[in-house]
Amino acid sequence: MSFLDRRIENRPSSGAAPFQINEVFFSRTDDRGVIQSCNYVFRRVSNLDWDALNGAPHKIVRHPDMPRGVFQLVWDTLKSGHSAGAYIKNRAEDGLYYWVFATIVPCEGGYISARFKPSSKMLTKVQGFYAQLRKLENEEGISPEESKDILLNWIKEQGFDNYEHFASQAVSEELISRDNETSQQPSQTILDLRKMLKNSEALLDETHGLITEFEAMHTIPHNLRVIASRIEPSGGPVTVLSQNYGAMSREMSDWFERNVMGESTNFGKIKTTVNESLFVQCMNRILHDCLEELHEEDQPLENFDMKAEREILTRLIKDQTEHASKGMAHLDTEARRIINACQVMHRHFLGLSSTRVLCKIESARLPSSGETLSDIIDQLGAFQERISQRLENIARLGGEILTPEEIDS
């Protein structure tokens, strides 16, 4: 269907407004959400003339089925200086509805919202939850802030860390679904970033497991010292070995706790960086499609300066691409830090292995209590084997994160 054909298409009397899977539309607002410009697709789908849209608050297309908590979350995110993404049900002027996945990004003087038609399985889940949330708002009179908190809890129940994690996964799933339905090849960069996100999640799981292993082995040096007190004078070889082993293991454990645990650590930031890069890449894809729509719609439109809007979109795409590139460069640095950290840990392990060998020698020299000492040495061996495996996994995951595909321009 050509651009002109779409402008004169017939609209049904009820149900969904005509909105094709391959279409995108955008609107630009000031910082209060008042519409400053838009494209033809938005006007057509909403069934509103430019005179009705120009200077109107964006809520002119708000559907009564939409929970207020969703808009509270979106506005809180935007006011903090970050981009937002959300499933939104809109209402056209003639009463028809249309679902969009909207990505909203701050720009000079306000915001640009770029939308496309969602089609993944996630949409069905969201629609069901929105209905429940809206019912709570209507029947129990909960505030937008309370509604937002319920929404955030639901997001975590779905397995997402936070709203940002949900938004990046949702928009990437929608774009992949859209590409499949339009027989296009999904963006390799988006696919690679989704894989990197899974790797970063596995990386955190491995490093958290590493901390657990260290915590579990803290009793081993203590048990060695207890045995040493029974079988040798103070300061004997087993006592010294237990002290050395305890000191080295504590040093390694403390290092990982400082650098691995928590979202603010270097390792913890990796997942956040990948997640942000994925969202920006998806948003840029939609903005680029909007720019192509504007080129297709290149004709006079009342007082709407299409050339100026194309320039705004072009600058925004350039800025976001640079932002994503910086994030990926930071990611590369942190991945290298992971690999270097694993190399340091392996060197430490050489010391632990030497200590374990010395313990084994002492065990053979002390047959009267060697069985008990041997048991502890076996525990040390199993501990070191598990740690070594985790270190190998961490280094591998770091290496896979280290070499991402070049971000699409």
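Read on for a plain summary of the structure. Since the model is a prediction, treat every value here as computed from it, not as a measurement. (Residues numbered from 1 in each chain as written. Predicted model: local features only at pLDDT ≥ 70, side-chain atom pairs only at ≥ 80, totals over all residues. Heavy atoms only, no water.)

### Some remarks on empty space enclosed by the protein
Thought 1: Counted under the stated rule, the structure contains one cavity of 30 Å³ or more.
Thought 2: If you add up the space inside the largest cavity, you get close to 70 Å³.
Thought 3: Looking at the lining of the largest cavity, the elements that each hand over two or more residues are helix H4 (68-79), strand S3 (84-91), helix H5 (121-140), helix H6 (144-157) and helix H7 (163-181).
Thought 4: Across the lining of the largest cavity, the residue classes break down as eleven nonpolar, one polar and no charged. (1 Å grid on protein atoms, 1.4 Å probe; cavity = no way out; pocket = protein on both sides within 12 Å on 5 of 7 lines; lining within 4 Å. Points joined across faces, edges and corners; volume = space filled by probe spheres on them. Helix = DSSP H or I, 4+ residues; strand = E, 2+ residues; numbered from the N terminus. Nonpolar A, V, L, I, M, F, W, Y, C, P; charged D, E, K, R; others polar.)

### Overview of the packing of aromatic side chains
Thought 1: The full count for this structure, using the stated rule, is eleven aromatic pairs.
Thought 2: Their ring planes at 50 degrees and their centres at 6.5 Å tell us that Tyr87 and Phe166 sit as a pair that is tilted. One end of the pair, Tyr87, is in strand S3; the other, Phe166, is in helix H7, and 79 residues separate them in sequence. Each of the two residues, Tyr87 as well as Phe166, counts as buried.
Thought 3: With 6.1 Å between their ring centres and 45 degrees between their planes, Phe101 and Phe116 make a pair best called tilted. On the criterion of sequence distance, the pair formed by Phe101 in strand S4 (residues 97-107) and Phe116 in strand S5 (residues 110-116) is long-range, its members being 15 residues apart. (Phe/Tyr/Trp six-rings, centres within 6.5 Å; stacked < 30°, edge-to-face > 60°. Buried < 20%, exposed > 50% of the residue type's maximum accessible area, 1.4 Å probe, protein only.)

### Things to note about the packing of H7 against helix H8 (residues 188-216)
Thought 1: Running from N to C, H7 and H8 point in directions that differ by 145 degrees, and their axes come no closer than 11 Å. Crossing geometry of H7 relative to H8 is assigned as left-handed. Touching His165, Gln169, Ser172, Glu173, Leu175 and Ile176 of H7 are Ile190, Leu191, Arg194, Leu197 and Glu201, all from H8.
Thought 2: In terms of residue class, the contact of H7 with H8 is built from five nonpolar, three polar and three charged. (Axes fitted to C-alpha atoms, helices over the stretch in contact; angles between N-to-C directions. Left-handed = near helix turned anticlockwise from the far one by under 90°. Contact = heavy atoms within 4.5 Å.)

### Considering the sheet that holds S4
Thought 1: Spatial ordering of the open sheet is given by S2-S1-S5-S4-S3, a layout of five strands whose pairing is antiparallel. The open sheet has two free edges, formed respectively by strand S2 (35-38) and S3, since each of these has just one partner strand. The mean inter-strand angle of the sheet, taken between neighbouring strand axes irrespective of direction, is 30 degrees.
Thought 2: Sheet analysis places strand S1 (residues 24-30) next to S5, joined by seven bridges and oriented antiparallel. Residue pairing for S5: Ser27 is matched across the bridge by Ser113.
Thought 3: Against the sheet, H4 engages S3, S4 and S5, with an angle of about 140 degrees to S3. (Pairing = 2+ DSSP bridges.)

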